[in-house]
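# Secondary and tertiary structure notes
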Amino acid sequence: MASETIAITGPAEISRPLSERLHDWIITVDHKKLGILYIIYALFFLVVGGIEALIIRIQLLVPHNDFVSPQVFNRMMTMHGTTMIFFMVMPVLFGFGTYLIPLMIGARDMAFPRLNAFSFWMTAFGGLLLYFSFIGGNGLYGAGNAPDVGWWAYAPLTSRAFSVGHSTDFWTLALLVSGVGSIGTAVNFVTTILCMRCPGMTLGKMPLLAWLNLVMAGMVFLAISPLTAAQAMLCIDRYLGGHFFDTQAGGSAVLWMHFFWIFGHPEVYVLVIPAFAFLSEIVPVFSRKPIFGYPVMVAATICIGFVSLSVWAHHMFTVGMNSYANSFFTITTMAVGVPTGIKIFNWLGTMWGGKIIFRTPMLFCTGFLFQFLIAGLTGIMLGASPFNWQLSGSYFVVAHFHYVIVGGIVFALFGAFYYWYPKISGRMYNEVLGKWHFWLFFIGFHMTFDFMHIPGILGMPRRIYTYEPGRGWEIWNLIVTVGALVQAAGVLIFVVNLLWSLWKGDPAGNDPWDAWTLEWSTTSPPPEYDFATIPVVHSRRPLWDLKHPEDPDWKYE
Amino acid sequence: MFSLIAAESAIFTIFVIAYIFYIGKSLSGPMPKDVLEVPIFNTICLLSSSLTIHLAVKALRSAKVNAFRLWWFITLVLGSIFLVGTGREWQHLIFEKGLTISTNLFGTTYYSLVGLHAFHVTVGLIGIALAMIFTLLGKVQPAHSERLDVFSLYWHFVDAVWVIVFTVVYIIGR
């Protein structure tokens, strides 16, 4: 079907000077190259954000530590949060989406290739703008300065009086610019998925990755846009003397909280839904069974999409809302757990009775299932407003959302990296190093984030620069920091594995996993045009049909 | 385009919510009821431009290029009248009533919301003007009607937003 290729001879085969090849990457509108650019860009920021996290953890290693100054600590904390959310997880998910969606739905490129390039460069520019603040943040006043208002940037911290210089402006503009890029990417995803599917691929036969990214893109419109609007308001306040969040002129600081979290909470689902998408592709292949409950999976995702738009104020229980608002947001928070639970059961149902192969991608996905469940349970705990009053703003909350983002999203991401690495690079990664990465990261993760719950329950507030001895927090902070170092070692092995396998890895072949979706029908790496002939599909597992003509899937669907 | 409109709607929603939230919360004058006049003529111009752009695209679809040019030109004129009208209203407010974006909460929210809308009108007018130039150069063919149709969605959206802005600012807000 699609595994044939068009032979390219002539100039393209001759190796060209490095400058020309780099130029190709800069001007590219090819979805695969842009996807790789997104991913490399995000990996760079994973390392940067990781170093910031390590600085935070080393500072908190022992009481009364002064590894960095309080000012630097605040900057590291702000930059770590902002970097990881906006310039690591989002770009990497967009990168995988950009790379995989056209291949999975049998298209030759995204619907708007130039918009795709524009979105990437906007996101990239946003990241540069944020990090330029280290040099230009203080403007003409003196030394460099980075944003230090925390990643929520609550008013009135961001007002001119409390945030002199330009660091907060860099933060605002970086998010505004990258937000425009995100909306562009989301427009592209929706149009590509709705208009570019190959013949025979009805919505009901589309791979779950495409479905989940469609829902994610829909959420981006409704979640990122409020942030863009709120950032515009903040700019008006800071530059034009507006009073949106200026309490002295009757403005409201709480309004910023609402605007931020109406972005902030759906954002969590914008991040986690693509992680669900990776699970939904990887778990069936390594369990040697089709996904359990495909329609329910789609329905649950759409359900999450809707419900998650009405849970934002559970971040604000301690602000002092009335009891009706507290009850409403408690109930919706509980409700969003239901479709998420359905998904967990579906993945378990897929594994149940399957012939599970524990290669590295599957190990990471299994870790995801286990950790995401715990993260969901602490989420339900924190969603109950009375419990929240006790623990809000403590390290318990920090442990909870890192459980979601690291234990959930990042584990799924690493799974995706190992799963699609052979397709993207054309070479297999090193399985031994992959397993080392998994176990080191797994042990480090649990050392860090399991034990981080405890100082939270003992009353350790988040975002503190240092603490006094004798409160019973020392041993826990010590374990947490050691765990962070173990995780860093795991990530180091991961980076080494990626680079080393690029040169020395075994050739992967078209379909190393014996998988079922269309991207495995092309060569690895795929040719520039993706498919020599546009494939025609009859079921959810087109490659299964191709490999097993005697027992095709479409007979049963 | 529908996706873009969804995203844009969310942005406008936030600004509208901010406006409604801050109605009557200004600590000092001038207040909306003292300075705002209802821009009836402007509103009629903008809303009728929705009709004319629809007629223009319809004419182009049935290959009546001259009718298209006429309706398209009227759309451009109506949109420009609206923009000029907003400009005159702002001039009046700033220089005669002394209301600027930093005067009070009303000024902040009013100029942001109306300004955001006026910005969208400007972007739309630039698009319409470009298409007008291509029309005069004879480059617009019936085959392009689909693109202009998609573009007209944006213009309808801008008009629909004005209905909401008008209601919130000039009726509820006063």
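Residues numbered from 1 in each chain as written. Chains lettered and ligands numbered in written order. Predicted model: local features only at pLDDT ≥ 70, side-chain atom pairs only at ≥ 80, totals over all residues.

### Quick word on the overall build of chain B
- The number of helices and strands found in chain B is six helices and zero strands.
- Starting at the N terminus and walking to the C terminus, you meet the elements of chain B as α-α-α-α-α-α.
- Each principal axis of the C-alpha distribution contributes one length, and for chain B these read about 55 × 35 × 20 Å. (Helix = DSSP H or I, 4+ residues; strand = E, 2+ residues; numbered from the N terminus.)

### Some points on the overall build of chain A
- Within chain A, the secondary structure is distributed over 15 helices and zero strands.
- Counting all 557 residues of chain A, 52% fall into the buried class. (Buried ≥ 20, exposed ≤ 12 C-beta atoms within 10 Å, placed from the backbone.)

### As for the confidence of the model for chain A
- On average, chain A scores 91 in pLDDT, and the residues at 70 or more come to 96%.
- Across chain A, helix H13 (residues 431-457) of chain A holds the top mean pLDDT of 96, while helix H1 (residues 18-27) of chain A sits lowest at 88. (pLDDT = per-residue confidence, 0-100.)

### Observations regarding the environment of Gly-408 of chain A
Residue and element names in this part refer to chain A.
- Position of Gly-408 among the secondary structure elements: in helix H12 (residues 395-425).
- In this structure, the C-alpha to C-alpha distance between Gly-408 and Ser-19, residues 389 residues apart in sequence, is 39 Å.
- Apart from residues lying up to four places away in sequence, Gly-408 is in contact with Val-272, Ala-275, Phe-368, Gln-371, Phe-372 and Ala-375. (Contact = placed C-beta atoms within 7 Å.)

### As for the packing of helix H6 (residues 208-240) of chain A against helix H8 (residues 294-307) of chain A
All names here are of chain A.
- Axis separation between H6 and H8 bottoms out at 10 Å; the angle between their running directions is 10°. Looking at the two axes, H6 sits roughly parallel to H8. Here H6 runs over H8; the crossing is right-handed. Contacts from Leu-208, Trp-211, Leu-212, Val-215, Gly-218 and Met-219 of H6 reach H8 at Tyr-294, Met-297, Val-298, Thr-301, Ile-302 and Gly-305. (Axes fitted to C-alpha atoms, helices over the stretch in contact; angles between N-to-C directions. Parallel < 35°, antiparallel > 145°, perpendicular 65-115°, else oblique. Left-handed = near helix turned anticlockwise from the far one by under 90°.)

### Notes on the confidence of the model for chain B
All names here are of chain B.
- Mean pLDDT over chain B: 91, with 100% of residues reaching 70 or higher.
- The secondary-structure element of chain B with the lowest mean pLDDT is helix H2 (residues 32-35), recorded at 85, while helix H5 (residues 105-136) shows the highest, at 94.
- As scored by the predictor, the complex reaches a pTM of 0.92 and an ipTM of 0.92.

### Section: the environment of Ile-164 of chain B
Residue and element names in this part refer to chain B.
- With respect to the helices and strands, Ile-164 occurs in helix H6 (residues 145-172).
- What makes Ile-164 partly exposed here is the crowd of 15 C-beta atoms within 10 Å.
- Separated by 151 residues in the primary sequence, Ile-164 and Thr-13 place their C-alpha atoms 9.8 Å from one another.

### Digging into the interface of chain B and chain A
- Chain B puts 19 residues into the contact, and the matching count from chain A is 24 residues.
- Among the elements of the structure, helix H1 (2-21) and H5 of chain B are those that each provide at least two residues to the side of chain B that touches chain A.

### Overview of H1 of chain B
- Between its terminal C-alpha atoms H1 of chain B stretches 28 Å, which fits the 28 Å expected from 20 residues at 1.5 Å a residue.
- Burial in H1 of chain B covers these residues: Ser-3, Ala-7, Glu-8, Ala-10, Ile-11, Phe-12, Ile-14, Phe-15, Val-16, Ala-18 and Tyr-19 of chain B.
- If you follow the buried residues of H1 of chain B, they end up packed against helix H5 (167-195), H6 and helix H7 (253-287) of chain A together with H5 and H6 of chain B. (Expected span 1.5 Å × (residues − 1).)

### Regarding the nonpolar core
- Ranked by size, the top nonpolar core spans 199 residues in total, and within it Val-220, Leu-279, Ile-409 and Ala-412 of chain A together with Phe-15 of chain B carry the most contacts.
- Looking at this core element by element, the count peaks at 22 residues for H12 of chain A.
- The next biggest cluster of nonpolar side chains, apart from the first, holds five residues, and it includes Phe-73, Met-76, Met-79 and Ala-146 of chain A. (Core = buried A, V, L, I, M, F, W, Y, C linked by C-beta atoms within 7 Å.)

### Notes on the environment of Pro-91 of chain A
All names here are of chain A.
- Note on placement: Pro-91 falls in helix H3 (residues 70-104).
- Assessed through the 30 C-beta atoms surrounding it within 10 Å, Pro-91 is described here as buried.
- Residues Pro-91 and Phe-263, 172 residues apart in the sequence, show an inter-C-alpha distance of 17 Å.
- In contact with Pro-91, other than residues within four places in its own chain, are Tyr-38, Tyr-41, Ala-42 and Thr-123.

### Let's talk about unusual backbone geometry
All names here are of chain A.
- The linkage connecting Ala-155 with the following residue, Pro-156, adopts the cis geometry, with an omega of 5°.
- With respect to the secondary-structure elements, Pro-156 resides in the loop between helix H4 (113-136) and H5.
- In this structure, the amide linkage connecting Ser-524 to the following residue, Pro-525, adopts the cis form with an omega of -10°.
- For Pro-525, the position within the fold is in the loop between helix H14 (474-504) and helix H15 (542-547).

### Regarding the packing of H13 of chain A against H14 of chain A
Residues and elements named next belong to chain A.
- Their axes nearest at 7 Å, the elements H13 and H14 cross at an angle of 155°. Viewed along their axes, H13 and H14 adopt a mutual orientation that is roughly antiparallel. Crossing of H13 over H14 shows left-handed handedness.

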